[in-house]
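Below, each chain spelled out in residue letters.
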Amino acid sequence: MRALPRHDRSQFNYRLALVLGSGGVRSIAAVGIVEILARAGIRPDLLVGCSSGALFAATIALRMPPPDALHLATSLWSPELTRRRRLWSYVQLVAPRLAGFDADFGLRDSRLIAERIAHAFGPVWIEELPTTLRVAATDAMRGTPVVLRSGRLVDALRASVAVPFIFPSVLVDGRRLVDGVISDPLPIAAAADAHAVLTLGFEGAMPRKVDRPARLVAQVSTALINNLQRARIAAAQAGGQRVLALELALERRVGLWETAALRSVYEAGKRAAEQQLPAIRALLEGSAAARAA
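Our subject in this report is the structure included herewith. A quick note: this is a predicted structure, and the numbers were derived from the prediction, not measured.

Moving on: the overall build of the protein. The helix and strand inventory of the protein stands at nine helices and eight strands. For 293 residues, the compact-globule formula gives about 19 Å, and the C-alpha radius of gyration of the protein, at 19 Å, lands near that figure. Along the three orthogonal principal directions, the C-alpha set of the protein runs to about 65 × 45 × 35 Å. Looking at the protein as a whole, 49% of its 293 residues are labelled buried. In the protein, the share of contacts with a sequence separation of at least 24, taken over all contacts with a separation of at least 6, comes to 77%. Taken as a whole, the protein presents about 14300 Å² of accessible surface, with 54% of it coming from carbon and sulfur. Between the mean site of the 37 positive side-chain charges and the mean site of the 25 negative ones, the protein shows a separation of 3 Å.

Spelled out as structure tokens, the structure:
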């Protein structure tokens, strides 16, 4: 992929931001949303992504045609990425001191996902993208949110999807980073300099039955993440941000890694944008009036 000219975006005043939370394959809906916005003459000039949302935000920031983004999604977010087990990790769990358990621990081999991301995006830097992109991650040592605005795109994306315990942390500029969902599942605050904000966030589904340790962990972590997301939205609105949340009307529950549902979720994104176009225009008009006042 050819290098793009770098831009100094530190003083930009953004008209419309699109903030994408973590949602597995459901995040592909953002591609359909942006397609409908483009037909209406609306283009977000700031993108913020967390976890899977960061991957699809990157395709939009590159201005990748929707068919290409759909094709790419099947390799970027597929079940096989989590099936390559590290057999040594089980030894590390049983005998952590003897087996060298440390901050690089992961149950799964992360080399395949690293290869897929590198192949998809190449040697592009975040500040080289045609549309401004910010990638949300978490400082593994401090537990604080991190927003990556520059540097190698592949490093930022790998960090944002590095689910703790499943994949090892990623070292970026001397910091160990993990999945952004841990500290900020819907990073609206990263778009505080935008006049209007569209969000696409997803609350996790609570386990229907807790009959094994993994489901108990899922119950606790899902409750924490859902409540954190609600708190972030409330804080943004209380702080005066002009925020419009887009919601998908899905016919059924879609699994995080269910790539067979990519096309239908993409279409759901288009429908959501079409239904919300009047509200989106009103949001933009309201922000323009506020700036002029």
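What follows deals with the side chain of R26. Residue placement: R26 occurs in the loop between β1 (14-20) and α1 (29-39). With no salt bridge to any partner, buried R26 finds its closest opposite charge in E258, at an N-O distance of 8.9 Å. Contact partners of R26, with chain neighbours within four places excluded, come to F202, E203, L248, L250, V254, L256 and V265.

We now examine the pairing of strand β6 (residues 175-179). Walk down a regular strand and you will see the side chains alternate between the two sheet faces. Across three bridges, the pairing between strand β3 (residues 132-139) and β6 is antiparallel. The partner of D139 across the bridge, within β6, is L177. Across three bridges, strand β5 (residues 170-172) lies against β6 in antiparallel orientation. Bridge pairing in β6 places L171 opposite R176. Taking the residues that link successive antiparallel strands as the turn, the β5-β6 hairpin has two residues, and the phi of D173 there is positive, at about 50°.

The rules behind these values
Residues numbered from 1 in each chain as written. Predicted model: local features only at pLDDT ≥ 70, side-chain atom pairs only at ≥ 80, totals over all residues. Heavy atoms only, no water. Helix = DSSP H or I, 4+ residues; strand = E, 2+ residues; numbered from the N terminus. Rg over C-alpha atoms; globule rule 2.2 N^0.38 Å. Buried < 20%, exposed > 50% of the residue type's maximum accessible area, 1.4 Å probe, protein only. Contact = heavy atoms within 4.5 Å. Areas by Shrake-Rupley, 256 points an atom, 1.4 Å probe, with all protein chains shown as cover. Lys, Arg positive; Asp, Glu negative; His and termini not counted. Charge placed at Lys NZ, Arg CZ, Asp CG, Glu CD. Salt bridge = Lys/Arg side-chain N within 4 Å of Asp/Glu carboxyl O. Pairing = 2+ DSSP bridges.

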